[in-house]
Each structure stands twice: as structure tokens, then as C-alpha cells.
Amino acid sequence: MIKIEKSDRLKQLPPYLFKEIDRQKDEEKAKGVDIIDIGVGDPDMPTPGHIIKALEKAAADKENHRYPSYTGMALFNETVARWYKKRFNVDIDSSSEAVTLIGSKEGIAHIPLAFINPGDIALCPTPGYPVYHIGTQFAGGDPYFMPLVKENDFLPDLKAIPEDICKKAKIMFINYPNNPTSACASLEFFEEVVAFANKHNIIICHDAAYTEMAFDGYKPPSFLEVDGAKEVGIEIHSLSKTYNMTGWRIAFAVGNSEVIGGLGQIKSNIDSGAFQAVQFAGIEAIEGDQTCVEEMQMEYTRRRDILSEGLTSMGLKFLPLKATFYMWVEVPEGYTSAEFTSHLLTKAGIVVTPGNGFGEPGEGYIRMALTVGVERLKEVIERMKKVGI
Ligand SMILES: *Cc1c(COP(=O)(O)O)cnc(C)c1O
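Note that this is a predicted model, so its numbers are computed, not measured. (Residues numbered from 1 in each chain as written. Predicted model: local features only at pLDDT ≥ 70, side-chain atom pairs only at ≥ 80, totals over all residues. Heavy atoms only, no water.)

Caption draft 1: Representation of the site of the ligand in the model. Close to the ligand lie 14 residues, the nearest being Asp207, Ser238, Ser240, Lys241 and Arg249. With respect to the ligand, the side chain of Asn179 contributes an N or O atom lying 2.8 Å from an oxygen atom. Note that a nitrogen atom of the ligand is positioned 2.6 Å from one of the side-chain N or O atoms of Asp207. Summarising the interface, the protein chains cover 94% of the accessible area of the ligand, which totals 390 Å² for the free molecule. Of the residues assigned to the shell around the ligand, the class counts are four nonpolar, six polar and four charged. (Near = heavy atom within 4 Å. Polar contact = N/O pair within 3.5 Å; in protein donor to acceptor, adjacent residues only side chain to side chain. Areas by Shrake-Rupley, 256 points an atom, 1.4 Å probe, with all protein chains shown as cover. Nonpolar A, V, L, I, M, F, W, Y, C, P; charged D, E, K, R; others polar.)

Caption draft 2: Representation of the packing of helix H5 (residues 104–115) against helix H10 (residues 257–270) within the structure. Remark: H5 packs on H10, axes separated minimally by 9 Å, with the N-to-C direction vectors making an angle of 105°. In terms of axis orientation, H5 runs roughly perpendicular to H10. Here H5 contributes Glu106, Gly107, His110, Ile111, Leu113, Ala114 and Phe115 to the contact with H10, which in turn contributes Glu258, Val259, Gly262, Leu263, Ile266, Lys267 and Ile270. Its residues assigned to classes, the contact of H5 with H10 shows eight nonpolar, three polar and three charged. (Axes fitted to C-alpha atoms, helices over the stretch in contact; angles between N-to-C directions. Helix = DSSP H or I, 4+ residues; strand = E, 2+ residues; numbered from the N terminus. Parallel < 35°, antiparallel > 145°, perpendicular 65-115°, else oblique. Contact = heavy atoms within 4.5 Å.)

Caption draft 3: Focus on the nonpolar core. The biggest cluster of nonpolar side chains holds 93 residues, and the ones touching the most others in it are Tyr84, Leu123, Met172, Leu311, Met368 and Met384. Residue contributions to this core reach at least three from each of two domains, namely domain 1 (8–46 + 291–386) and domain 2 (49–287). Counting 21 residues, the second largest nonpolar core, distinct from the first, contains Cys124, Ile203, Ala251 and Val259. (Core = buried A, V, L, I, M, F, W, Y, C linked by side-chain atoms within 4.5 Å. Buried < 20%, exposed > 50% of the residue type's maximum accessible area, 1.4 Å probe, protein only. Domains from an automatic or database assignment.)

Encoded structure:
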């Protein structure tokens, strides 16, 4: 027997905040409770058929069975560049300003390895997607957390970041439309970010996973639409949410060629790129019939309306949903996030995510994901009313 000891890198990870909720969920399931799970941000609808067909065809072609190019097939990156022009009117040079990712989580986790030295800082939103700060820590860097609070429309207050932190910061992560708060950012905010990046020499990494999951005709902007954005940063996009493809692991990053190049260099030493057949399916997703995206948006709109109306009728407050499939709901008086989450689970069989699990400023909120159908959401409301909320 050898003594197996985890690295400091793993030991320093914060405790997993959803452990208690997971335990309670298993306990309720074991009792035979009919659980409604609106905790996890994973679309319940299937990948559209034409995308699956494209995978089947490409998977049968032996040309696609070999190692792919590290940074993505030229055809995929060119497709991405055409989409950026069409959707955002942003010019991308597909050979130097685009890289294919094995899901955006992969790109986010790897980018600090390219630009963070031990002791450097990455500015990370809190509450936020945990990969920003964990990727930073894995690279030996230190996260500095930028609180996203209601008083500031869930945007980071750039002026509140201390000067010495700005000096040591190498990367800033932002994410709009935002998980978990669902807040959206304007081009004016992105302009502020570009000015901040130039002033302090900080690389901007915008996680834009939800720009296509938006409602009522709202079209969230790209960070790269702002003048000078490409001089300071990149944007990361995913096919996961837009096309119900979370299991397929296909995404991309575009923007500043030096940043894209650094990320590509890390990737070429760690992975060997995304399966080409999946890239062909991705091309079909991006350039094929977009009716599926409209249908997805319509379905989430219906779900949002049911949940919003129900929550309002119970006197609960939440950020009106313009984009993403997350409702960021204030917990009622007298509960913490954990207590309210536990109450919903044990009394009503409803799984939600406690807001503080995404970071301390998320205390006082729960996140409800629109990942069950209209009928089940109606039941969520009924069950909540029954237990006196
Ligand atoms: C879902 C999500 C992604 C997408 O992740 P993939 O790895 O591409 O599946 C990225 N960022 C945020 C904030 C998300 O919520």
C-alpha cells in the first residue's frame, strides 16, 4: 500500500456547497417522493434531429476517426466567424482569432494556465460559475471576487476594485446574460470594461453562453461589438444551451489573437481537440435551420410566464427574466438560502439551488432553472402554495 495524498491544488478547493442538498435529495428520493428537480442548469429537451443526423453522417466517415486539429477544423472556425459577422456584425479572422473548445468549461478552466503566474490575480464574479475561480487557483493564481448585487444591477462595480488588486490582476471574467442571476449587460457596460482593461492591462474573458437564450425579441450583445474589445479580450460561446447539446462538448472562443493563441498552445499540450464528427454536427447547428432556436425560446418563454406569475402571486420577488433559463428569486423573510432550499425539498419535494452556493453575495436568493415542462412548473407553484409560501 502506498500513501496517496492529494495535491495542495485539490486540497485547497472550497467545500462542495451542494453536498447537504444532494444528501437531502437522495433521502427524499429513497422515501419515494416525486421530486421536481429545477436545480441544475441542464436543458431537458433533446438535441434537434437535423444536428443528430449530421453527427451520424460524419461519424460514419473514416476521415473523421483520426486526431482532429488541436485548434479546431478550419471549416468549424470559418462557420463561427460567419456567424459572428451575421449575428453581431463582428469580424473574426477564423485562422488566428478563433479556437474550437471541448465545451466552454474546458476553455474557461484552461485560460488561466496560459496567462496566470503564481501570485497573479484573476477578477471573478460572485455569485458566479465556479470554473472562473477554480481554474485560476489550479493555475496558482488568486481569485479576487467582484460581488454582483441587486443595487448595482448584478454588474461588477469596477470602481470598487482596489488599485493594488488592479495592478496584480491579469484576467477578468465576466458573464452576461448571467448565470446565476440572469442579469443582462448593455454595450455601455462593456465599453466601461474595455476602458478598465486598457487602463490596468487586464485580459477580458467574456463567457457568453446565454446570448441566444433570450426572450421577447431581446438580442443580448456581444462584448466584441464594442470598439477596441478585440484588443483586450476574448468571448467564449457554447452550443450547449442554444441547441440542447450539453452532452456533446462543443464550444468556441473568439477574439484577441494573442489570447486565442495562448489558449490554443495550452490545449495543444493537454487535449487533442473535439471529435471532428461533433464539429460537423456543430456546423449544422450553427448554419442549419434555426427554427429549433425559436422553438426553444418560445418554450422557455411559456415556462417563465407560468413560474413568474406563480411566484408573483405568492409575493415572492425575483429579477424579471429577459435571458438565460434561471430565475433568481429572493427568499422570503425569516429564511436563509439554505433553509429555504431545504424547506422546499423536504416539505414540497422541489429541488432548487441555494444562491450562496455560487458565492456569499448570493445569500438571500435561490436559483430556479426552467428545466421542466409547463405542467410540472404549475405543480411547483401548487406545491409551494400548499406548504404556505
Ligand atoms: C452552461 C454554462 C456554460 C456552458 O458550458 P459548456 O461547458 O459549454 O457545456 C458556460 N458558462 C456558464 C456560465 C454556464 O452556465
